[in-house]
Amino acid sequence: MDYGIRGKRALVCASSKGLGRGCAEALAEAGVNLILNARGAETLEATEAEIRAAHGVEVATVVADVATPQGQDSVIAAAQGVDILVTNAGGPPPGMWTDWDRDDFIAALDANMLAPIALMKALLPSMMDRGWGRVVNITSQSVKSPIPVLGLSNSARAGLTGYVAGTARQVAPHGVTINNLLPGIHATDRADSLDKGVSESQGISMEEARAQRQATIPARRYGTAQEFGAMCAFLCSDRAGFVVGQNILLDGGAVNATL
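Residues numbered from 1 in each chain as written. Predicted model: local features only at pLDDT ≥ 70, side-chain atom pairs only at ≥ 80, totals over all residues. Heavy atoms only, no water.

J.: Now, about the side chain of Arg134: what can you tell me, with residues and values included?
T.: Within the secondary structure layout, Arg134 lies in strand E5 (residues 133-138). Discounting chain neighbours no more than four positions away, the residues touching Arg134 are Asp83, Ile84, Leu85, Met127, Gly175, Thr177, Leu235, Cys236, Ser237, Asp238, Ala240 and Gly241. (Helix = DSSP H or I, 4+ residues; strand = E, 2+ residues; numbered from the N terminus. Contact = heavy atoms within 4.5 Å.)

J.: Outline the sheet that holds strand E3 (residues 59-63), supporting the account with residue identities and numerical values.
T.: The strand order E3-E2-E1-E4-E5-E6-E7 describes an open sheet built from seven strands, whose pairing is parallel. Each edge of the sheet is formed by a strand with only one pairing partner; in this case those strands are E3 and strand E7 (247-250). If you compare each strand with its neighbour and ignore which way they point, the axes differ by 15° on average. Across four bridges, the pairing between strand E6 (residues 176-183) and E7 is parallel. Across the sheet, residue Asn180 finds its bridge partner in E7, namely Asn247. Packed on one face of the sheet, helix H1 (residues 18-29) meets strand E1 (9-12), strand E2 (33-38), strand E4 (84-87), E5 and E6 and runs near 170° to E1. (Pairing = 2+ DSSP bridges. Axes fitted to C-alpha atoms, helices over the stretch in contact; angles between N-to-C directions.)

J.: Which residues make up empty space enclosed by the protein, and what are the values?
T.: Inspection of the entire model under this criterion finds one cavity of 30 Å³ or more. Volume-wise, the largest cavity comes out at about 80 Å³. Lining of the largest cavity is provided by 13 residues; of these, Thr87, Asn88, Ala89, Ala111 and Pro116 occupy positions nearest its centre. Taken together, the elements giving at least two residues each to the lining of the largest cavity come down to helix H4 (102-130), E5 and helix H5 (151-171). (1 Å grid on protein atoms, 1.4 Å probe; cavity = no way out; pocket = protein on both sides within 12 Å on 5 of 7 lines; lining within 4 Å. Points joined across faces, edges and corners; volume = space filled by probe spheres on them.)

J.: I'd like a rundown of the nonpolar core, residues and numbers included.
T.: One broad trend across soluble globular proteins is that nonpolar side chains are buried collectively. Judged by nonpolar contacts, the single largest core of 32 residues is most densely connected at Leu27, Leu34, Ile84 and Val86. Contributing elements (two or more residues each) for this core: E1, H1, E2, helix H2 (41-55), E4, E5, helix H8 (225-235) and E7. Broken down by element, this core gets its largest block of residues, six residues, from H1. Discounting residues that sit within four places of it in the chain, Leu34 has contacts with Ala10, Val12, Ala24, Leu27, Ala28, Ile51, Glu58, Val59 and Ala60. Listed in part, the 30 residues of the second largest apolar core include Val66, Met113, Leu119 and Met127. (Core = buried A, V, L, I, M, F, W, Y, C linked by side-chain atoms within 4.5 Å. Buried < 20%, exposed > 50% of the residue type's maximum accessible area, 1.4 Å probe, protein only.)

J.: Mind laying out the packing of aromatic side chains, listing which residues take part and the relevant values?
T.: Counted according to the given criterion, the structure contains one aromatic pair. Here the aromatic rings of Trp100 and Phe105 are separated by 6.2 Å at their centres, their planes lie at 85°, and the arrangement is edge-to-face. Taking the ring centre of Trp132 as reference, the NZ or CZ of Lys8 above it sits at 4.2 Å. (Phe/Tyr/Trp six-rings, centres within 6.5 Å; stacked < 30°, edge-to-face > 60°. Lys NZ or Arg CZ within 6 Å of the ring centre and 35° of its normal.)

J.: Kindly report on helix H6 (residues 189-202), identifying the contributing residues and their values.
T.: The terminal C-alpha atoms of H6 lie 20 Å apart, and with 14 residues this matches the ideal 20 Å at 1.5 Å per residue to within 8%. For H6, the set of buried residues is Ala191, Leu194, Asp195, Val198 and Ser199. Down the axis of H6, the sector holding all buried residues measures 145°, keeping them to one side. In H6, those exposed residues whose orientation departs by more than 90 degrees from the buried face are Glu200 and Ser201. Buried residues along H6 sit against helix H7 (206-214). Looking one or two residues past H6, Gly203 carries a phi angle of roughly 65°, positive in sign. (Expected span 1.5 Å × (residues − 1). Arc of directions from axis to C-beta.)

J.: I'd like to hear about a nonpolar patch on the surface, residue by residue, with values.
T.: Taken together, the side chains of Met96, Trp97 and Val149 present a nonpolar region at the surface, about 370 Å² in accessible area. On the secondary structure map, Trp97 appears in the loop between E4 and H4. (Patch = residues over 30% accessible without salt bridge, like charges linked within 9 Å, V, L, I, M, F, W, Y side chains within 5 Å. Areas by Shrake-Rupley, 256 points an atom, 1.4 Å probe, with all protein chains shown as cover. Salt bridge = Lys/Arg side-chain N within 4 Å of Asp/Glu carboxyl O.)

J.: Which residues make up the pairing of E1, and what values do they have?
T.: Of the pairings in the sheet, the one linking E1 to E2 comprises four bridges and is parallel in character. What sits directly across from Val12, in E2, is Leu36. On the question of chirality, the crossover connecting E1 to the parallel E2 by way of H1 is right-handed. Bridging between E1 and E4 involves three bridges; their strand directions are parallel. Within the sheet, the bridge partner assigned to Leu11 lies in E4 and is Leu85. (Right-handed = clockwise from strand over helix to strand, strands pointing away.)

J.: Describe the packing of helix H3 (residues 69-78) against H4, naming the residues involved and giving the relevant values.
T.: Contact geometry for H3 and H4: axes closest at 10 Å, N-to-C directions at 30°. Along this stretch, H3 crosses H4, giving a crossing that reads as right-handed. On H4, the residues that touch Gln72, Val75 and Ile76 of H3 are Ala115, Ala118, Leu119 and Ala122. Here the contact of H3 with H4 is composed, by residue class, of six nonpolar, one polar and no charged. (Left-handed = near helix turned anticlockwise from the far one by under 90°. Nonpolar A, V, L, I, M, F, W, Y, C, P; charged D, E, K, R; others polar.)

Note that every value here comes from positions in space, so none of it alone points to a role or purpose.
Now the structure itself:
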């Protein structure tokens with residue numbers, strides 16, 4: 001399918017691997033030139049080379065932590081005038097409500113709420129001036145169905161969702177859409193980390209922990225970064241101009257809800 005975005009420019013955060021890379025690859029396949037961001041230079045450079053070789057698009061990189069003001073400044077400086085913004089950051093660690101103090105919540109808010117807000121505030125105005133833009137925030141299925149051991153993530157991502165709900169309606173008259181993608185369990189490093197936590201807490205193998213969690217998903221498997229990226233590319237396309245302020249689950253049916 002021709003998404004009508006060939007030649008556009010996109011900033012994709014935390015895109016050296018996992019769901020961010022899935023989004024970057026799908027956009028590159030659609031002909032979008034990329035600015036990739038991640039904290040680790042070596043993996044980011046390898047991803048840059050592989051995407052450029054596979055799709056022939058322009059690819060630049062910014063090594064920075066978008067959870068910090070300095071990292072945001074670096075990314076924003078490199079991304080002036082982009083048409084597409086995909087925000088993403090690793091989720092905070094699991095735990096119990098008794099484990100977390102104020103600093104833990106501030107760190108979660110910085111990474112998963114305030115960072116994407118800062119990027120949107122910096123990059124939305126030029127999209128609005130041109131009359132076209134797309135923003136996709138990678139959040140979590142926990143926005144629809146909170147996960148008990150991920151209270152830090154539940155809190156920060158719910159805050160971002162509330163911000164987007166109002167902001168998306170304010171920028172839509174200017175041809176700019178903002179939507180959120182809510183991943184369930186996908187086969188990424190994050191899933192491995194959570195599987196390891198289950199393994200250690202229950203004294204079972206990683207394979208048993210993974211099978212146990214897969215059994216909670218109606219699709220009976222984890223999602224793939226490629227599937228996730230395809231949905232991201234659609235939301236960034238000309239075909240999705242009437243999709244505004246939505247929270248789209250990609251969870252294999254794990255969240256049992258009518259809305």
